[in-house]
Amino acid sequence: NAGVMQNPRHLVRRRGQEARLRCSPMKGHSHVYWYRQLPEEGLKFMVYLQKENIIDESGMPKERFSAEFPKEGPSILRIQQVVRGDSAAYFCASSLGTAGTTEAFFGQGTRLTVV
Amino acid sequence: TQLLEQSPQFLSIQEGENLTVYCNSSSVFSSLQWYRQEPGEGPVLLVTVVTGGEVKKLKRLTFQFGDARKDSSLHITAAQPGDTGLYLCAGEGGGGSNYKLTFGKGTLLTVNP
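Residues numbered from 1 in each chain as written. Chains lettered and ligands numbered in written order. Predicted model: local features only at pLDDT ≥ 70, side-chain atom pairs only at ≥ 80, totals over all residues. Heavy atoms only, no water.

## Notes on the overall build of chain B
Across its full length, chain B carries 0 helices and 11 strands. Its helices and strands taken in sequence order, chain B reads β-β-β-β-β-β-β-β-β-β-β from the N to the C terminus. Relative to a compact globule of 113 residues, whose C-alpha radius of gyration would be 13 Å, chain B shows 13 Å and is just as compact. Along the first, second and third principal axes, the C-alpha atoms of chain B reach 45 × 30 × 20 Å. Nonlocal contacts in chain B, meaning residues at least 24 apart in sequence, comprise 54% of its contacts between residues at least 6 apart. For chain B, the exposed area adds up to about 5,300 Å²; of that, 50% sits on carbon and sulfur atoms. (Helix = DSSP H or I, 4+ residues; strand = E, 2+ residues; numbered from the N terminus. Rg over C-alpha atoms; globule rule 2.2 N^0.38 Å. Contact = heavy atoms within 4.5 Å. Areas by Shrake-Rupley, 256 points an atom, 1.4 Å probe, with all protein chains shown as cover.)

Following this line, the structure appears as structure tokens:
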């Protein structure tokens, strides 16, 4: 059973471009969470999604960031018009049920560098 | 805003030594998780502690959850170079949500051979 798959592992974007980060949850998992890890900072919650629904996006910046988890295909974290401050590692986690009741498994992350 | 403070931030020891890292908060969590993260990888769950005062052992690692469920410690006995990594604690159930994890900044452990 493959783990949480994130791609790309590394992404370089110029300021103003768009970044699209993909996350395929573990098989059978319908709950997806995105976290951001800034240099020398802890992981910060961004958004919690279930299939076709955004449950909690309280950790997402109000502008330029969006997330989706369609019925078919991976979850996508989209950052429009990237700025240098968006450079970070973005981690996706998935769980079978709500993460408070079942274990959430993390992917290897996407390291975004904005130049 | 809930915070989890981890100490020390950095720790460099020799193989065979014992160590303890701490995770403290002013908030109560329904559970607390410890992760280990290696460079370029995602966090890997080591243990979840749920009950105040709970102690869990995982080979040479001993995890303790404070009685008030606000703090936790990780003790490693006879550390080995393979223990090198970033140790993260994360509280669950804060802010009224049972799915959001609040992470500390981590303790970066280096075990020298």
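## Quick notes on the sheet that holds strand β3 (residues 19-24) of chain B
All names here are of chain B. Strands sit in the order β1-β3-β8-β7-β6 across an open sheet of 5 strands; the sheet is antiparallel. Looking at strand neighbours, the two that pair on one side only are β1 (5-7) and β6 (55-58), the edges of this open sheet. Ignoring which end each strand starts from, the neighbouring axes of this sheet average 15° apart. (Pairing = 2+ DSSP bridges. Axes fitted to C-alpha atoms, helices over the stretch in contact; angles between N-to-C directions.)

## Let's talk about the interface of chain A and chain B
At the junction of the two partners, chain A supplies 22 residues and chain B supplies 17 residues. Counting each side, the surface lost to burial between chain A and chain B is near 1,700 Å², with a carbon and sulfur contribution of 52%. Scanning the region where chain A abuts chain B turns up 3 salt bridges. Put simply, glutamate 41 of chain A and lysine 105 of chain B hold a salt bridge, and the shortest N to O gap is 3.8 Å. At the level of secondary structure, the elements contributing two or more residues to the side of chain A that touches chain B comprise β4 (31-37), β5 (43-50) and β10 (104-106) of chain A. Of the residues that constitute the side of chain A that touches chain B, the class distribution is 9 nonpolar, 7 polar and 6 charged. (Buried area = accessible area lost by both parts, 1.4 Å probe. Salt bridge = Lys/Arg side-chain N within 4 Å of Asp/Glu carboxyl O. Nonpolar A, V, L, I, M, F, W, Y, C, P; charged D, E, K, R; others polar.)

## Remarks on the side chain of glutamine 33 of chain B
Residue and element names in this part refer to chain B. You can see glutamine 33 is positioned in strand β4 (residues 31-37). Classification of glutamine 33 by relative accessible area gives buried; the value is 5%. Among the polar contacts made by the side chain of glutamine 33, one reaches the side chain of tyrosine 35 at a distance of 2.4 Å. Not counting chain neighbours up to four residues away, the residues in contact with glutamine 33 comprise Leu45, Val47, Thr48, Leu88, Cys89, Ala90, Glu92 and Leu101. (Buried < 20%, exposed > 50% of the residue type's maximum accessible area, 1.4 Å probe, protein only. Polar contact = N/O pair within 3.5 Å; in protein donor to acceptor, adjacent residues only side chain to side chain.)

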